[in-house]
Amino acid sequence: MPNDPVLDTLFLPLEDGLIDWPAKGPALFLRARTGDALDDISRDKLVCEQSFKPAHDALIRAGFRMREGHASAELTLVLPPRQREESRALLARAIRETIEGGIVMAAVSNTEGAKTIEGDLKALAGNISSQSKNKCRVFWATVDARADTALLAEWLKLDAPREIDSHFTSRPGLFAWDHIDAGSKLLADHLPRTFKGKVADLGAGFGYLSDEVLTQNPGITHLDAIEAEGRAVEMAKLNLATHGDRATVHWLDATKALPDTYDAIVSNPPFHVSDRADRHDVGKAFITSAANALTSGGQLWIVANRHLPYEETLEASFKHVTVAAQNNFYKVFKAVGPKGRK
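The structure contained in this document is the topic of the report that follows. (Residues numbered from 1 in each chain as written. Predicted model: local features only at pLDDT ≥ 70, side-chain atom pairs only at ≥ 80, totals over all residues. Heavy atoms only, no water.)

So, the packing of aromatic side chains
Alright, step 1. Scanning the entire structure with this criterion turns up five aromatic pairs.
Alright, step 2. With centroids separated by 6.4 Å and ring planes inclined at 35°, the aromatic side chains of F11 and W21 adopt a geometry described as tilted. Taken together, the residues F11 in the loop between α1 (5–10) and α2 (12–15) and W21 in the loop between α2 and β1 (27–30) connect sequence positions ten residues apart.
Alright, step 3. Taking the relative accessible area as the measure of exposure, F11 reaches 2% and is therefore buried.
Alright, step 4. Take W21: its relative accessible area is 22%, and that puts it in the partly exposed class.
Alright, step 5. Of the aromatic side chains, those joined through ring pairs into one cluster are F11, W21 and F29.
Alright, step 6. If you follow K53 out to its NZ or CZ, it ends over the ring of W251, 4.5 Å from the centre. (Phe/Tyr/Trp six-rings, centres within 6.5 Å; stacked < 30°, edge-to-face > 60°. Helix = DSSP H or I, 4+ residues; strand = E, 2+ residues; numbered from the N terminus. Buried < 20%, exposed > 50% of the residue type's maximum accessible area, 1.4 Å probe, protein only. Lys NZ or Arg CZ within 6 Å of the ring centre and 35° of its normal.)

This is how it looks when you write it as structure tokens:
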């Protein structure tokens, strides 16, 4: 398991005895993820919430309970995301869902804005304590009368869905959440208008590419929009509702086996997950999943930043690979005929 200094730092106040585990009920862990820091923690001490499917499934495999309902907690742990509005909304929700006298505690890497987010929690709660280690900060606040209720109400609204591009509904923190991604648009502009049968969109986000494919290809009988981030799934369902039963949105990890066999697959795979480091393995796994789920003559159309090394995986997985379009930033690949299919 990769080293996770933020997760290690989050649990320092509990390990050092500065904060006690709740006497009644489990602590709530928002945006939870697994790691070495959780290995020795009794599974009944935490109830977890995680909208990213791979991390959600990893928590279940590790034996942790996922949250059901909205019971308040005495202690709420948070791993805030990078996006500022989403992060502020999550901190506000953590305070709202913690009982009076309880504690909200969060950890962030110094390079990801730890002091700024610590300041955000202080602005909400009116008090703050902190520790530093592993080039990260862990900070916590008591939920009491010092809280800024007006600011709390304002920040709770920051995660609300909103209209973008006069056509789609999105929300902060999703991929390209407030605009149409240039790579996805390049792919959409160069896709065939002759797709038929069953199609899938891997890493569908809020549904832009799926909507384009369905609109431009009346021969498609059904499209599966597959997305790992649950917050994006909610938006994709809204954005694809006009297509009726031609579209189904799935909360699934597209690096795993896909739910059907397809005549064509389109994708703008993510190459960042929880930090800014390139994740070539995610896009490569998307390619492999697509090859395993396509019919013998099926097509994969995929867009990627020019620097990402997907050609070798495409060549290993498909009989015919061509560059269908490119510019200074992206390449669109067309791969036909998955190898091993007859």
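Re the sheet that holds strand β6 (residues 129–133)
Alright, step 1. A sheet is described by the order of its strands in space; here seven strands give the open sequence β3-β2-β1-β4-β5-β7-β6, paired in mixed fashion. Of all the strands in the sheet, the pair left with one neighbour each is β3 (65–66) and β6.
Alright, step 2. Along the sheet face, helix α4 (residues 84–96) touches β1, β2 (46–49), β4 (73–78) and β5 (98–109) and points at about 150° away from the line of β5. (Pairing = 2+ DSSP bridges. Contact = heavy atoms within 4.5 Å. Axes fitted to C-alpha atoms, helices over the stretch in contact; angles between N-to-C directions.)

So, the sheet that holds strand β14 (residues 294–305)
Alright, step 1. Reading across from one edge, β12-β11-β10-β13-β14-β16-β15 is the order of the seven strands in this open sheet, with mixed pairing throughout. One side of each edge strand has no neighbouring strand; the edge strands of this open sheet are β12 (247–251) and β15 (318–326). On average, each strand axis in the sheet is tilted by 15° relative to the strand beside it, whichever way the strands run.
Alright, step 2. Two strands pair when backbone bridges link them, and strand β13 (residues 262–267) and β14 are joined in this way by five bridges, in the parallel orientation. The partner of A264 across the bridge, within β14, is Q299.
Alright, step 3. Along the sheet face, helix α7 (residues 182–190) touches β13, β14, β15 and β16 (330–338) and points at about 140° away from the line of β14.

With respect to the pairing of strand β7 (residues 136–142)
Alright, step 1. Extensive coverage of β7 is indicated by the burial of six of its seven residues.
Alright, step 2. Where β5 meets β7, seven bridges bridge the pair, whose relative direction is antiparallel. Paired with V104 across the bridge in β7 is A141.
Alright, step 3. Once β6 ends, the chain turns through two residues before running back antiparallel as β7, passing N134 with a positive phi of about 60°.

Considerations on the environment of A293
Alright, step 1. Considering the arrangement of structural elements, one finds A293 in helix α10 (residues 280–293).
Alright, step 2. Put simply, A293 and D189 are 104 residues apart on the chain and 24 Å apart in space, counted from C-alpha to C-alpha.

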